[in-house]
Amino acid sequence: MEGLGSRRVSPLFRSGLIAAVAALVLDQASKLWLLNVFELGPRGTVRITPFFDLVLAWNTGISYGWFQDSGPVGQTILLAFKAAAVIVLGIWMARSGTRLAVIGLGLIIGGAIGNAIDRLAYGAVVDFALFHLEIGGKTYNWYVFNLADVAIVAGVAALLYDSFVTPDAAKTPR
């Protein structure tokens, strides 16, 4: 009988772990650099291109700023929900049969953990990237986001693509 400690991690699962760690490290490194080295907060809005700015936004809600006024109890519920989601996604990742699904799930997990670290450390998620477009003298802004959000969206896109090209591959955990 093999113990839990002697079980080897499959190369497929390992690729998901690598994706999760990479997303987490890049997300946290970018936030720490922007906050502490670049000092984005005191700088205000920093124009990078005619359509992209760096701007510091503290998101106390969830996606697109929903539930921002939830208070400490709401923040605790959001963190508990996120922890449960990461566990479910980890189980799904361990049971997935394609590299694309495993990497997609790893990206989602890494992004979710990155934003959860922000909530624990700052009480809000650090968002900083802003795309905008000016048409006819009017400016249209996208939501302010971070690299964890990019990882989550890329992971979801990978799962969707995998579900279309591989029958029954990423639809549900087994």
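Procedures and definitions
Per-chain numbering applies: the sequence of each chain, read as written, is numbered from 1 onward. Owing to the predicted nature of the model, reporting of local features is limited to residues with pLDDT of at least 70; listing and counting of side-chain atom pairs is limited to 80 or more, with chain, interface and lining totals taken over all residues. As a rule here, side-chain values come from all non-hydrogen atoms in the structure, and water together with hydrogens is ignored. One requirement defines pairing of two strands: DSSP has to find at least two bridges between them. Runs of H or I in DSSP of at least four residues are treated as helices and runs of E of at least two as strands, each being numbered from the N terminus. Lines fitted to C-alpha atoms define the axes, with helix axes restricted to the stretch in contact, and inter-axis angles between N-to-C directions lie between 0 and 180 degrees. Here a residue-residue contact requires only that any non-hydrogen atoms of the pair lie within 4.5 Å. UniProt positions are given in the numbering used here, feature names are shortened, and annotations may be inferred rather than shown by experiment. Classification of residues uses two cut-offs on accessible area relative to the type maximum, computed with a 1.4 Å probe and protein chains only: under 20% is buried, over 50% is exposed, and between them is partly exposed. Pairs of N or O atoms within 3.5 Å make up the polar contacts considered here, provided that, within protein, one atom can donate a hydrogen while the other can accept it, and that residues adjacent in sequence are counted only when both atoms are side-chain atoms.

Trainee: Talk me through the sheet that holds strand 1 (residues 46–49); I want residue IDs and the actual numbers.
Mentor: Pairing is antiparallel across the open sheet formed by 4 strands, whose spatial order is 1-2-3-4. In this open sheet, the two edge strands, each paired with only one partner strand, are strand 1 and strand 4 (138–141). Taken over all neighbouring pairs, the strand axes of this sheet differ in orientation by 40 degrees on average, direction set aside. The sheet contact formed by strand 2 (residues 52–59) and strand 3 (residues 125–135) spans 6 bridges and is antiparallel. Within the sheet, the bridge partner assigned to Trp 58 lies in strand 3 and is Val 126. In the packing of helix 1 (residues 11–37) onto the sheet, the strands contacted are strand 2 and strand 3, and the crossing angle to strand 3 comes to about 80 degrees.

Trainee: Describe the UniProt feature "transmembrane region" (unreviewed entry) in the protein chain, listing the residues and the values that go with them.
Mentor: The positions UniProt marks with the feature "transmembrane region" (unreviewed entry) are residues 12–34, 73–93, 100–122 and 142–161. End-to-end, the C-alpha atoms of residues 73–93 are 30 Å apart, and along that stretch the chain is 100% helix and 0% strand. What you have in residues 100–122 is 100% helix and 0% strand, and the ends, taken at the C-alpha atoms, are 33 Å apart.

Trainee: I'd like a description of the side chain of Thr 98, backed by residues and values.
Mentor: Structurally, the position occupied by Thr 98 is in the loop between helix 3 (71–95) and helix 4 (99–122). By relative accessible area, Thr 98 is classed as buried at 15%. Within polar-contact distance, the side chain of Thr 98 engages the side chain of Asp 162 at 3.0 Å.

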